[in-house]
Amino acid sequence: MEATTDHLQQSNNKQPRQLYLLFFAEMWERFSFYGMKALLIAYMVSELNYDDPKAYAILGSYAALVYTMPMFGGFMADKFIGYQRSVMFGGILMTLGHFILALPTDWSFFYGMAFIICGNGFFKPNISSLVGTLYAENDPKRDSGFSIFYMGINIGAAIGGFLCAYIAKEFNWHYGFGLAGIFMALGFVVFVYGKKTLGEKGLPPDPEILKKPVFSFLKPEHLIYGGTLLIIPLVVTLFHQYHMMDYIMFGLGIVALIYVLSVGMKMEKEPKLKLFAALIMIIFSVVFWAIYEQNAGSMNLLAERNAKMELFGIDLPELSMNNFLPPGWVIILTLIVAPLWPWLNKRGKEPSTPMKFALSFIFLGLGFYVFYLGCIANESTGIVPLWPFLWGYCFIILGELCLSPIGLSMVTKLSPAKMVSLMMGIWFFASAIGEFLAGKIGALMSVPEEVLAKNDPVLSLPYYADVIQKIGIASAVIGVLLIFTVPFLKRWMGNVK
């Protein structure tokens, strides 16, 4: 009966109704996640009095860990507890983490982030994997479905990034963190209330394994939950010893690469080449995120220190606007891009997934070059107006829409059925490495303390402009080079479009 229902859902032009449950659950979870993330570097610099290099390093470590944990959470979902239980467990941990951040105590900052990191590891890859279960193989609605899901992410991110930053700056930083917690709890309630519509999608792959005690009365599920809680103090330690992250990220990257290659080499030719095509595109995504994620770090500080945003004579809050514009553009541009892919597909003109990846880098480069033009046009005052942020993010988000939702869909299409969540975890781990490298790139834009002490934006602006120009040019060059890889990647993908 379920198979018949799925067939009927896929045979018409409507998206599966379960997509909208996942849409709203993810929307409110991302409100909390990006609302909190919008505050981090400004909070560390202004309230904790960290210098720029330390703040960038801790932000990079947090972002790296928050996207590394999905490898662990994805593996546990694939092998043991399934997608639904993973999302629920992750939601509980993230809700606790946001409310811990809201506590005005010395210990709460790092512990709150640690709870969010562990919770995100179970929530993020598995709610995306649930979206993948809603579609048949090669269903042309899959990419547009992921784009709609991605729009939900960004509606939450836009509202959360603006409101949490506004509340934090105008009233109290911890009120901003607390607001994020309220909406995380709302996302959890939405999923729990509606998960019955998912039926058997995302249930444990082998329920019998979960029923067998491993030690005394402890079952595998108990060990997974308990082991995750034991990771939290370790994460807090890593925040204090953030220099160790260089070795950890490099080591985990090598392990993940070797594991996927070793599994792939044992496969038949067709699935092996599909897996390796996915792996190559995942590796390129590392570079994309390292550049893109400047918006949460260096661009936040540029907005705080060297921007004055006005619209029709109305002063706009710079930190809030810098965190509102990227997801705001996603919402607008998704309304164009989501139906564009099926429209082009019907006419046989839809760009292949590798070509979309190449386009993503070209748009990314254009966006950062707009930021650079905004900087040099205002070097005499050191104050950048709204327009470079507005149009720079427009191009950058076009790049994001050619890579991120397409990448989520690509992973579910090219990965073997038993490895989907693990590969989804590796996709997010690539984001983790990118986020970590973003902290390194951001550190290149660190403004020395003696310059900041003079409180002169003319002196601080060149520290941003020079690096922004270089990463803009580098992005566009990578995009052009990627175009030359498209033919052989398409061959490896076989019958997957």
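Read on for an overview of the structure. Since the model is a prediction, treat every value here as computed from it, not as a measurement.

## Concerning the nonpolar core
- Membership of the largest hydrophobic core comes to 161 residues, with the highest contact counts inside it found for Leu-40, Tyr-62, Phe-368, Phe-389, Met-410, Trp-427 and Ile-468.
- With 21 residues, the top contributor of residues to this core is helix α3 (residues 52–101).
- Setting aside residues up to four positions removed in sequence, Met-410 forms contacts with Ala-278, Met-281, Ile-282, Thr-353, Phe-357 and Trp-427.

## Observations regarding the packing of α3 against helix α4 (residues 108–132)
- In the contact formed by α3 and α4, the axes pass within 7 Å of each other and the chain directions differ by 40°. By the criterion of interaxial angle, the relationship of α3 to α4 is oblique.
- For the contact of α3 with α4, the class distribution of residues is 31 nonpolar, 14 polar and no charged.

## Examining helix α2 (residues 18–46)
- Here α2 contains 29 residues, and its C-alpha end-to-end distance of 43 Å stays within 8% of the 42 Å for a straight helix at 1.5 Å per residue.
- Leu-40 marks where α2 bends most, by close to 35°.
- Counting buried residues along α2, 25 of its 29 residues qualify, which places the element largely inside the surrounding structure.

## Structural notes on the pattern of salt bridges
- For the structure on display, the rule yields 14 salt bridges.
- A salt bridge links Arg-85 to Glu-221, with the shortest nitrogen-to-oxygen separation between them at 2.8 Å. Remark: Glu-221 occurs in helix α8 (residues 220–240) and Arg-85 occurs in helix α3; sequence separation between them is 136 residues.
- Here Arg-85 falls in the partly exposed class, since its relative accessible area comes to 34%.
- Across the salt bridge formed by Lys-470 and Asp-466, the nearest N and O atoms sit 3.4 Å from each other.

## Overview of unusual backbone geometry
- The phi dihedral of Asn-49 is positive, around 60°, even though this residue is not glycine.
- Here Asn-49 lies in the loop between α2 and α3.
- A positive phi angle is found at Asn-455, which is not glycine, with a value near 50°.
- Under the relative-accessibility criterion, Asn-455 is labelled exposed at 68%.

## Considering the environment of Tyr-150
- Structurally, the position occupied by Tyr-150 is in helix α5 (residues 141–170).
- In the structure, Tyr-150 is positioned 254 residues away from Ser-404 in sequence and 8.4 Å away in space, judged by C-alpha atoms.
- Residues within four places of Tyr-150 in sequence aside, it is in contact with Trp-289, Val-330, Glu-400, Leu-401, Ser-404, Pro-405 and Leu-408.

## Quick notes on the packing of aromatic side chains
- In the structure shown here, the tally under the stated rule is 28 aromatic pairs.
- Note on Trp-28 and Phe-183: the rings are 5.2 Å apart at their centroids and 35° apart in plane angle, and the pair reads as tilted. Placement of the pair is Trp-28 in helix α2 and Phe-183 in helix α6 (residues 173–194), with a sequence separation of 155 residues. Pair check on accessibility: Trp-28 and Phe-183 agree, each one buried.
- Here Phe-288 and Phe-361 contribute two aromatic rings whose centre-to-centre distance is 5.7 Å and whose plane-to-plane angle is 85°, an arrangement assigned as edge-to-face. One end of the pair, Phe-288, is in helix α10 (residues 269–292); the other, Phe-361, is in helix α13 (residues 353–377), with 73 residues separating them in the sequence. One exposure class covers both Phe-288 and Phe-361, and it is buried.

## So, the side chain of Ser-285
- With respect to the element layout, Ser-285 can be found in helix α10.
- Relative accessible area serves as the criterion here: at 0%, Ser-285 is assigned to the buried category.
- Those residues in contact with Ser-285, other than ones at most four positions away along the chain, are Leu-403, Trp-427 and Ala-430.

## A word on a nonpolar patch on the surface
- Taken together, the side chains of Tyr-369, Leu-373, Ile-376, Trp-387, Trp-391, Ile-473, Val-477, Val-480, Leu-481, Ile-483 and Phe-484 present a nonpolar region at the surface, about 1000 Å² in accessible area.
- Of all the secondary-structure elements, those providing two or more residues to the nonpolar patch are α13, α14 (386–414) and α17 (457–483).
- Considering each element in turn, the nonpolar patch owes the most residues, five residues, to α17.
- With respect to the element layout, Trp-387 can be found in helix α14.

## Side note on the environment of Ile-362
- The topology assignment puts Ile-362 in helix α13.
- Residue Ile-362 is classed as partly exposed on the basis of its relative accessible area, which comes to 23%.
- Residues Ile-362 and Gly-479, spaced 117 residues apart in sequence, show a C-alpha to C-alpha distance of 5.0 Å.
- Leave out the neighbours within four places in its chain, and Ile-362 touches Ser-475, Ala-476, Gly-479, Val-480 and Ile-483.

Parameters and conventions
Residues numbered from 1 in each chain as written. Predicted model: local features only at pLDDT ≥ 70, side-chain atom pairs only at ≥ 80, totals over all residues. Heavy atoms only, no water. Core = buried A, V, L, I, M, F, W, Y, C linked by side-chain atoms within 4.5 Å. Buried < 20%, exposed > 50% of the residue type's maximum accessible area, 1.4 Å probe, protein only. Helix = DSSP H or I, 4+ residues; strand = E, 2+ residues; numbered from the N terminus. Contact = heavy atoms within 4.5 Å. Axes fitted to C-alpha atoms, helices over the stretch in contact; angles between N-to-C directions. Parallel < 35°, antiparallel > 145°, perpendicular 65-115°, else oblique. Nonpolar A, V, L, I, M, F, W, Y, C, P; charged D, E, K, R; others polar. Expected span 1.5 Å × (residues − 1). Bend = angle between axes of the 7 residues up to and from the residue. Salt bridge = Lys/Arg side-chain N within 4 Å of Asp/Glu carboxyl O. Phe/Tyr/Trp six-rings, centres within 6.5 Å; stacked < 30°, edge-to-face > 60°. Patch = residues over 30% accessible without salt bridge, like charges linked within 9 Å, V, L, I, M, F, W, Y side chains within 5 Å. Areas by Shrake-Rupley, 256 points an atom, 1.4 Å probe, with all protein chains shown as cover.

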